[in-house]
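The lines below spell out each chain.
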Amino acid sequence: MTGFYLFISSDDSNSIHQNNKYHDFIVELGRQYDLNEASYLRSRNRWSVALVEIKLEDLAGFESPALPGEVLILCDLVSTSYIKNTERRVLRLLGLTGSGQLASTYQPYYITLDRTAFSNLKIQLVDKDLHPLTGSLVNQPWKLSCTLHFQKTQKVQSTRRTLKGMKCSAQKQMGHL
């Protein structure tokens with residue numbers, strides 16, 4: 001397998017995680033994913049994930065809700081990134097449309113996984129200053145749905161190995177080997 005999708009939403013595991021909100025939720029996936037198993041593993045590959053689609057809907061039937069300026073999507077599966085003088089597990093920074101709406105699809109930006117064995121995942125939305133959403137945004141009857149794409153990516157060769165390969169290639173060209 002070279003890739004797969006997870007379709008998750010903030011209300012997927014409400015029976016287990018009763019405090020789930022659209023902006024801070026845990027999803028139980030129903031099975032253990034172990035990307036280090038032999039069926040997944042290739043010696044020169046590592047796994048990464050991208051947010052490819054997102055939808056925020058008002059469950060009361062009103063128009064799609066608006067959020068403030070920029071929103072960061074945090075995910076506990078990804079490696080840490082440096083942002084605003086701190087390290088966070090940022091899956092994606094979303095610039096919103098002029099009306100504060102989330103676009104539905106995004107050009108994927110793949111982030112390396114920090115955990116390759118998991119049976120759940122946590123998603124959080126925070127504002128551009130890394131603060132949790134507050135005020136009237138918090139207790140809304142909204143649902144956040146995400147599509148995540150997981151894929152294998154090539155590991156970057158170490159500098160030592162690359163230099164050794166370059167040296168051998170140069171020696172072959174010069175007739176030394």
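Residues numbered from 1 in each chain as written. Predicted model: local features only at pLDDT ≥ 70, side-chain atom pairs only at ≥ 80, totals over all residues. Heavy atoms only, no water.

## Section: the nonpolar core
Here is the rule we go by: Side-chain atoms within 4.5 Å are what join buried Ala, Val, Leu, Ile, Met, Phe, Trp, Tyr and Cys residues into a set we call a nonpolar core. Type-normalised accessible area, obtained with a 1.4 Å probe on protein chains alone, sets the label of each residue: buried when under 20%, exposed when over 50%, and partly exposed for intermediate values. A run of DSSP states H or I qualifies as a helix once it reaches four residues; a run of E qualifies as a strand once it reaches two. Both are numbered from the N-terminal end. By the convention used here, residues are in contact when the closest approach between their heavy atoms is within 4.5 Å.
Counting 34 residues, the largest nonpolar core has Leu6, Ile8, Ile73 and Phe150 as its most contacted members. Elements with a contribution of two residues or more to this core: β1 (3–9), β2 (24–34), β3 (45–58), β4 (70–75), β7 (90–95), β9 (117–127) and β10 (142–154). Apart from the residues lying within four places of it in its own chain, the contact partners of Leu6 are Leu29, Tyr33, Phe118, Leu121, Cys146, Thr147, Leu148 and Phe150. Membership of the second largest hydrophobic core comes to 5 residues, among which are Leu72, Leu74, Val90 and Leu130.

## Notes on the confidence of the model for the protein chain
Quick reminder of the rule: Confidence per residue, as judged by the predictor, is encoded in pLDDT with a range of 0 to 100.
Per-residue confidence for the protein chain averages 77 on the pLDDT scale, and 66% of its residues sit at or above 70. A low-confidence stretch, residues 157–174 (pLDDT under 50), is modelled with 7 contacts involving residues beyond four sequence positions or located in other chains.

## With respect to the pairing of β9
In plain terms, the rule: Here, any two strands with at least 2 DSSP bridges between them count as paired.
One ladder, built from 7 bridges, connects β2 with β9; its direction is antiparallel. Note that in β9 the partner of Ile26 across the bridge is Lys122. As defined by bridge partners, β4 adjoins β9 across 5 bridges and the pair is classed as antiparallel. In the sheet register, Cys75 faces β9, and the bridge partner there is Ile123.

## Notes on the sheet that holds β2
Let me state the cut-off plainly: Axes, fitted as lines to C-alpha atoms, cover a helix only where it is in contact. Angles between the N-to-C directions of the axes lie from 0 to 180 degrees.
Pairing is antiparallel across the open sheet formed by 4 strands, whose spatial order is β2-β9-β4-β7. A strand with exactly one partner marks an edge of an open sheet, and here the two such strands are β2 and β7. Put simply, the sheet's adjacent strands are angled 20 degrees from each other on average, direction ignored.

## A look at the pattern of salt bridges
Worth spelling out the cut-off: Any Lys or Arg side-chain nitrogen located within 4 Å of an Asp or Glu carboxyl oxygen qualifies as a salt bridge.
The tally for this structure, following the rule as stated, stands at 5 salt bridges. The salt bridge involving Asp76 is made with Arg115; its shortest N-O contact spans 3.4 Å. One end of the pair, Asp76, is in the loop between β4 and β5 (81–83); the other, Arg115, is in the loop between β8 (111–112) and β9, and 39 residues separate them in sequence.

## Some points on the packing of aromatic side chains
Our working rule: Pairing of aromatic rings covers Phe, Tyr and the six-membered ring of Trp, with a centre-to-centre limit of 6.5 Å; geometry is then stacked below 30 degrees between planes, edge-to-face above 60, and tilted otherwise. Two thresholds decide whether a charge sits over a ring: the Lys NZ or Arg CZ must be within 6 Å of the ring centre and within 35 degrees of the ring normal.
All told, the structure shown has 7 aromatic pairs when counted by the stated rule. For the pair Phe4 and Trp47, a centre-to-centre distance of 5.8 Å together with 55 degrees between the ring planes defines the contact as tilted. Within this pair, whereas Phe4 is found in strand β1, its partner Trp47 is found in strand β3, the two being separated by 43 residues in sequence. Classification of Phe4 as buried rests on a relative accessible area of 11%. Seen in terms of ring centroids, Phe118 and Phe150 are 5.8 Å apart; in terms of plane orientation they differ by 20 degrees. Their pairing is stacked. Residue Phe118 is found in strand β9, and its partner Phe150 is found in strand β10; the two are separated by 32 residues along the sequence. According to the relative accessible area criterion, Phe118 is buried, its value standing at 2%. Residue class for Phe150 comes out buried when judged on its relative accessible area of 0%. Counting every residue linked through ring pairs, the aromatic cluster contains Phe4, Tyr33, Trp47, Phe118 and Phe150. Seen from the ring of Tyr33, Arg31 lies directly overhead, with NZ or CZ sitting 3.8 Å from the centre.

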